[in-house]
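Listed below, chain by chain, are the residues.
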Amino acid sequence: MSHDLKLFVVDTGPLITLAVARSLDYLLYVDADIVIPDAVLHEATRDAARLGAQDIIDWVKGRRASVEIAPTKAYEIFDAARASIPDLREPDLGERAAVEVIEEPDRLRGNERGLLLCEETAVLKRVVVRDRERIVEISTLDFLKILEAEQRIQSAEQVFELAAQAGRLASRAEKLRDHDDATRAAIHRLVRRRDEG
Amino acid sequence: MTETERLALRAYSRGEMTAIELRRRLGGASYGDVLRLLSDEGLPLPRAPEAGREAQLTRARAWMFPKHVA
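Report on the accompanying structure.

Calculation rules
Residues numbered from 1 in each chain as written. Chains lettered and ligands numbered in written order. Predicted model: local features only at pLDDT ≥ 70, side-chain atom pairs only at ≥ 80, totals over all residues. Core = buried A, V, L, I, M, F, W, Y, C linked by C-beta atoms within 7 Å. Buried ≥ 20, exposed ≤ 12 C-beta atoms within 10 Å, placed from the backbone. Contact = placed C-beta atoms within 7 Å. Helix = DSSP H or I, 4+ residues; strand = E, 2+ residues; numbered from the N terminus. Pairing = 2+ DSSP bridges. Right-handed = clockwise from strand over helix to strand, strands pointing away. Axes fitted to C-alpha atoms, helices over the stretch in contact; angles between N-to-C directions. Parallel < 35°, antiparallel > 145°, perpendicular 65-115°, else oblique. Left-handed = near helix turned anticlockwise from the far one by under 90°.

## Considerations on the nonpolar core
If you look at the biggest cluster of nonpolar residues, it comprises 68 residues, and the most contacted ones within it are A:L7, A:F8, A:V9, A:V40, A:L115 and A:L117. Apart from residues no more than four positions distant in its own chain, A:V40 is found in contact with A:V9, A:V10, A:D11, A:T12, A:G94, A:A97 and A:A98.

Here it is as structure tokens:
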């Protein structure tokens, strides 16, 4: 792996959304090094029964050559502490690990640039970057919309539909039929609002 | 939906709460439920709040696909 562009997956949202939509390989449609901080992967997969967790584990195992799991001190300390406190939870562990990875002096060298793929965090605000012009933060939908605009995928919206269907199947199977049309309509409205916003 | 749940939904939409936390506060709501509630409340999907967003996305696209963007 050695590209001028690094794609940092800095929270669990993109992994889970793409996993449940069986679209994790979309991350590889861009000519970039994919970097996932160890703690982010941990948060997304610590409970294999959680939505998308097993798919993420399988995908990472199958794409070892393309995906770097970046080790961090934050996770190392957390992991050591779990030896004495097995149920230990640290809500911002993934975010701290992401900040640590992005701030590594050798992460962006020369003309290299970084895309931060995230859903809910504001990692960029916490990062001390020497040159902010070299880093852009985008959401999963932004990422998919760009792929769609470049005709690399058919529909960004479809990914969210698949994710929503998977989520519903996982937790509320009894409501499946009633909510099919409602969910689809909601997603149409949300994506359209996003485009107009 | 209670007012507390509505506040949580708004916080999620602003990017101030994780989806997992929101779903817990909504009593184990699914991701599909969250999308429907956002739409019903007229709230946008969460996204990184940043000035000059369109310029950022144009830049991101140019970085992702340098040969295809003027």
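Next comes the rest of the description.
## Things to note about the pairing of strand β1 (residues 5–9) of chain A
All names here are of chain A. Buried residues dominate β1, accounting for four of its five residues. Taken together, the three bridges between β1 and strand β2 (residues 33–37) define a ladder with parallel strand orientation. Residue K6 lies in a different strand from β2, and its bridge partner there is D33. Remark: the β1/helix α1 (residues 12–20)/β2 crossover connection has right-handed handedness.

## Quick notes on unusual backbone geometry
Residue and element names in this part refer to chain A. Even without glycine at this site, R22 takes up a positive phi of about 50 degrees. With respect to the helices, strands and loops of the structure, R22 is situated in the loop between α1 and β2. Among the residues examined, R22 registers 15 C-beta atoms within 10 Å and is labelled partly exposed.

## Things to note about the environment of A:L116
Mapped onto the elements of the fold, A:L116 is located in strand β4 (residues 113–117). As a C-alpha pair, A:L116 and A:I135 span 19 residues in sequence and 7.2 Å in three-dimensional space.

## Section: the packing of helix α2 (residues 38–45) of chain A against helix α5 (residues 93–102) of chain A
Residue and element names in this part refer to chain A. Contact pair α2 / α5: the axes reach a minimum separation of 7 Å and the direction vectors enclose 155 degrees. Our classification of the angle between α2 and α5 gives roughly antiparallel. In this structure, α2 meets α5 at a crossing whose hand is left-handed. In this structure, α2 uses D38, A39, V40 and E43 to contact α5, whose residues at the interface are L93, G94, A97 and A98.

## Details of the pairing of strand β5 (residues 135–138) of chain A
Residue and element names in this part refer to chain A. Taking every second residue as pointing to the same face, both faces of β5 are buried, with I135 and E137 on one and V136 and I138 on the other. Here β4 pairs with β5 via four bridges, running parallel. Note on β5: the bridge partner recorded for G114 is I135.

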